Amino acid sequence: MLLGRLGKNLSEPNATIKEFEHLLSKQSPIIEIGCGEGQNAVYLAKQGYCNVDAFDISEHGIAKLQQRCKKETVQLNAFTADLITYQFEKNYDMVMSFGTLHFVQKSDWKSLINRAKIHTNIGGIHIMQIFTDTVPASEDIAPFAIGLAKDKEIKELYNDWEILQFKSYTFEDEHPGVPKHLHTSNKIVARRIQ
């Protein structure tokens, strides 16, 4: 099933956040892992969520996010960190990551998810999206996509949680200098029930 393109407007949040944000309160602690320039975190802050953390390994991306926060007069805690070594300092009601996990070794993203699960409040949710190896990685990301998941592999990590949504899909993408190509992905929304 073909579901659109990755090259979306970088100011728009991921649609899954809009679909599930009703499960949160405005005081809910939220973290985005691999936030890039922060469209998801900024969206949540603009909606009145007052306890949003976001990190990325890119100092440039975090600098752009911090500039954007000033421009749009929103507040959130944006910082540089590496998801491989990141240690959670508090518990969250929502942990999310989109299109980042497959850029580290499989053992590293699995370890991160397990740490995140421990630091998620009962009733809290995870929204995780990862590329899979159902089709080969495109030539532009192939050298970096070292942790592609098997289809449904991420779902296995949440067998002790309530699965609110799981999607396995293929989409077309295009970047300057790279011909049209396909990516396969899994997205899961899961809630901690105990």
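Before we go on, may I ask you to explain the environment of G123 in this structure?
On the secondary structure map, G123 appears in strand β6 (residues 120–131). Overall, G123 belongs to the partly exposed group, its relative accessible area being 39%. When the C-alpha positions of G123 and I113 are compared, they lie 16 Å apart, and in sequence the two are 10 residues distant. Those residues within four positions of G123 in sequence are excluded, and the remaining contacts are R191 and R192.

When you look at the pairing of strand β8 (residues 178–191) in this model, what are you seeing that I'm missing?
The element β8 is extensively covered by neighbouring structure, given that 10 of its 14 residues are classed as buried. Sheet analysis places β6 next to β8, joined by 7 bridges and oriented antiparallel. Its bridge partner lying in β8, I127 is registered against V189. Examined bridge by bridge, strand β7 (residues 162–175) and β8 share 12 bridges and lie antiparallel to one another.

How should helix α2 (residues 39–46) be read in this particular structure?
Each turn of an α-helix holds 3.6 residues, which means side chains three or four residues apart point in the same direction. In terms of residue burial, α2 counts as a mostly covered element, since 7 of its 8 residues are buried. Looking at α2, one finds that the buried residues are Q39, N40, A41, V42, Y43, L44 and A45. The inward-facing, buried residues of α2 abut α1 (15–20), β2 (30–33), β3 (52–56), α3 (59–71) and β5 (92–98). Phi for G48, located one or two positions after α2, is positive at around 100 degrees.

Reading the values: rules and limits
Residues numbered from 1 in each chain as written. Predicted model: local features only at pLDDT ≥ 70, side-chain atom pairs only at ≥ 80, totals over all residues. Heavy atoms only, no water. Helix = DSSP H or I, 4+ residues; strand = E, 2+ residues; numbered from the N terminus. Buried < 20%, exposed > 50% of the residue type's maximum accessible area, 1.4 Å probe, protein only. Contact = heavy atoms within 4.5 Å. Pairing = 2+ DSSP bridges.

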